[in-house]
Every structure is written in structure tokens, then in C-alpha cells.
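# A closer look at the structure
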Amino acid sequence: MDADRTPERTGDGRTTADSGAGTGRPVRLWLCADEDLPPQVAGALAERWLDRREKQTAREFVSERDRRRYLLAHILVRRVLAGETGLTEPELVIRRSARGRPFLRCPAGGPPGGADRLDFNLSHSGGYSLLGVARRRRIGVDLELIERLDRAGLPPDAVTGTFAPEERAWIARARTDALGARRVLRLWTLKEAYAKARGLGLGLPFDSFAFTLAADRGVLAFRLPEDDPTGRWSFLELEPVPGVLVAVAVQADDGPPPPLQLHHGFPRAGRGEPDTLTLPEPPGRARGVADG
């Protein structure tokens, strides 16, 4: 990805520097397993809802499993955004920024339902899709399986070599290999979520910012990168399903953090109520080496 440090333009011409005015509306997460929709249903909905570019991308997958995962993830995006905007799924126009970040192009006069300045972010891994939606603030999400590093067979340095020195030192102090692997994945998901919220992805060097984490869960401090010196971000770590780690980065303002709603499964009538969680206050600024 392009590592240019100029502020990224959002879909309505705003930049990441001026899109942070928040409201009290909840941040919403949707966690959906691949098996939540039968393949035949997913295929039929994809044919009705996805645009030409999305259908073409789906056809290019060699693996049928990967194609189904792509379809489910993009069906999920359109279903949730339709509920947020009042538009139908096929009416949604989804475009990508110069750096590849998806955004919703609103119709003239704004979408029905007052969904102004809607931001969303998608992650999928290991049979799960995770979609985060926020209004008038940026959001980034990442989802990874705890067993991913073992399955991939990657040497630890292949991942931790991209981290900041204080983070590598914290990982090295882990008393067991399992704890060290979990620390690696916690940091990776948080870094991915923040970089995706910024719209930079892997174009933002992972050693240019650093997290200080609590022993079990939670961000104690955050060292911002030089190109985001005054940024305010709330971070949340979750394990909504055993073995699945989730990280969320949400742009903060001067008010209290908004509530967060976690929905399980593909959105359809009859689903249960979401879990209601509280976003933490933005962490303090990190200055030293991570503890623990």
C-alpha cells in the first residue's frame, strides 16, 4: 500500500484529520460465522445484491471455500449497511479510496435514515467475518484465530520483527511459548485495527507506534506515530468466541466513549439482542517499555 503520509480523503471529501466529531450513537460490531448462511442462500443473495466488480472478484478465486467466504463477507456488509442507511442492498454504492479502503458513496442529498458520515471496516479470518460500523468517527477492526501462528508455521521473528522494540521486549518476557504467541497476536490485531482505521493498512510501519498492554486484556498506553501526534483513539480487545481474538480501534472525541453493540450471526429477523459493551477511555501516552 501507499505509505504517503498526507491525510486520506474519505468518500465525502473529508480527510482523516477532520472526521472525528462524534455522537452518542453506538458503535456496532457484527460477528458472522461462515456456516451461518447456507452456500445456496449466500449465492442467491450475492447474485441479487453484489455489484459487477464484487461478482467479478468472486469469480477469480481458485478455492471454492475462499470464494464462499468472500461472498458471505460482502453480503454481510451490504445487509448491515442497508439497515443503517435505509437503502436497499443493491442500491448501495461502495467504492475504494486510493489506498484501497472501502467507503459508502451516499446519494445526492444524503441517504435516508440520516446515516451521514457512516464509516465501516471489515475483517475476515478462519471462518469468521467481522464488520464494524460507526458514525461521524473512524473505525478499524481486526480478527484473528489464536492458532493462526502455529498453523502458518512462521518463525516468531517474521511477525515480531515488524513491532516496536518495547513490544518485542514484552513478548520476550513471556514465561511460556503459548503466552508469547498470544501476546504477538494481541499486538498484531491492535496494530491492524488502528492502521485500518487510519486508512493506511500495512502502509503504516508497525514499529512507528506501540501499545502497552495489560496482562490479560486491555490497552494501558499508546505511543502514537509521528503522523498522528494529537490523535485520540479508544481500543477494545475481545474474545467473542473461544480462540478468536478481536481488536477494535475507534476515533475518540472530547466526550465520553460511545456504547458498543456486538451482534452475533447474520442479521435477520428473530435474532437475539446484541451484547452491549463499553468502549474504554483513550489510553495514556506510552513513554517507556511495556511492563509484565
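Just so you know, these numbers come straight off a predicted model, no measurement behind them. (Residues numbered from 1 in each chain as written. Predicted model: local features only at pLDDT ≥ 70, side-chain atom pairs only at ≥ 80, totals over all residues. Heavy atoms only, no water.)

## Some remarks on the confidence of the model for the chain
Averaged over all residues, the pLDDT of the chain is 85; the fraction at 70 or higher stands at 83%. For residues 1-22, every residue scores under 50 in pLDDT, and the model assigns this stretch 52 contacts once sequence neighbours within four places are set aside. (pLDDT = per-residue confidence, 0-100. Contact = heavy atoms within 4.5 Å.)

## Some words on the nonpolar core
Formed by 27 residues in total, the largest nonpolar core has its most connected members in Ile 75, Leu 81, Phe 120, Leu 131 and Phe 266. Those elements that provide at least two residues to this core are strand S1 (27-33), helix H1 (39-49), helix H3 (64-85), strand S4 (118-125) and strand S5 (128-135). A total of 9 residues in this core trace back to one element, the largest contributor, which is H3. Setting aside chain neighbours within four positions, we find Phe 120 in contact with Val 77, Leu 81, Ile 94, Arg 101, Pro 102, Phe 103, Leu 104, Leu 131, Gly 132, Val 133 and Ile 139. Core analysis: the next-biggest nonpolar cluster, separate from the first, contains 25 residues, Val 184, Ala 193, Leu 204 and Val 219 among them. (Core = buried A, V, L, I, M, F, W, Y, C linked by side-chain atoms within 4.5 Å. Buried < 20%, exposed > 50% of the residue type's maximum accessible area, 1.4 Å probe, protein only. Helix = DSSP H or I, 4+ residues; strand = E, 2+ residues; numbered from the N terminus.)

## What about the pattern of salt bridges?
Pairing between side chains of opposite charge can happen when the charged atoms of each approach one another. Within this structure, the stated rule accounts for 18 salt bridges. A salt bridge links Asp 34 to Arg 69, with the nearest nitrogen and oxygen atoms 2.9 Å apart. Note that Asp 34 is positioned in the loop between S1 and H1 and Arg 69 in helix H3, a separation of 35 residues in sequence. For Arg 69, a relative accessible area of 23% gives the class partly exposed. Between Arg 135 and Glu 84 there is a salt bridge, with the nearest N and O atoms lying 2.7 Å from each other. Separated by 51 residues along the polypeptide, Arg 135 in strand S5 and Glu 84 in helix H3 bring together distant segments of the chain. The pair formed by Arg 135 and Glu 84 is uniform in burial state, with each residue classed as buried. In this structure, a network of salt bridges that share partners links the residues Arg 28, Glu 84 and Arg 135. (Salt bridge = Lys/Arg side-chain N within 4 Å of Asp/Glu carboxyl O.)

## With respect to helix H6 (residues 165-172)
Along H6, the positions that sit buried rather than exposed are Glu 166, Glu 167, Trp 170 and Ile 171. End-on, the buried residues of H6 take up no more than an arc of 140 degrees, which puts them together on one face. Opposite its buried face, H6 presents the exposed residues Pro 165 and Ala 172, each directed more than 90 degrees away. (Arc of directions from axis to C-beta.)

## A short note on the environment of Gly 100
Within the secondary structure, Gly 100 is located in the loop between strand S2 (93-96) and strand S3 (102-105). When the C-alpha atoms of Gly 100 and Gly 199 are compared, they prove to be 8.0 Å apart, with 99 residues separating the residues in sequence.

## As for the pairing of strand S10 (residues 244-251)
For S10, a buried count of 8 out of 8 residues is recorded, marking the element as mostly surrounded by other parts of the structure. Relative to S10, strand S6 (residues 139-145) is paired through 7 bridges, and the arrangement is antiparallel. For Val 141, the partnering residue across the bridge sits in S10 and is Val 248. Bridge count for strand S9 (residues 233-241) against S10 is 7 bridges, and the pairing is antiparallel. Bridge pairing in S10 places Glu 237 opposite Ala 247. What sits between the antiparallel neighbours S9 and S10 is a turn of 2 residues, in which Gly 243 has the positive phi angle 90 degrees. (Pairing = 2+ DSSP bridges.)

## Structural notes on the sheet that holds S5
Spatial ordering of the open sheet is given by S4-S5-S1-S11-S12, a layout of 5 strands whose pairing is mixed. Edge positions in the open sheet fall to S4 and strand S12 (275-278), since each of these has one partner strand only. Adjacent strand axes in the sheet meet at a mean angle of 20 degrees when their direction is disregarded. Bridge count for strand S11 (residues 259-264) against S12 is 4 bridges, and the pairing is antiparallel. Note that in S12 the partner of Leu 262 across the bridge is Asp 275. (Axes fitted to C-alpha atoms, helices over the stretch in contact; angles between N-to-C directions.)

## Notes on a positive patch on the surface
Together, Arg 53, Arg 95, Arg 96 and Arg 105 give the surface a local cluster of positive charge. One can find Arg 95 in strand S2. (Patch = residues over 30% accessible without salt bridge, like charges linked within 9 Å, V, L, I, M, F, W, Y side chains within 5 Å. Areas by Shrake-Rupley, 256 points an atom, 1.4 Å probe, with all protein chains shown as cover. Lys, Arg positive; Asp, Glu negative; His and termini not counted. Charge placed at Lys NZ, Arg CZ, Asp CG, Glu CD.)

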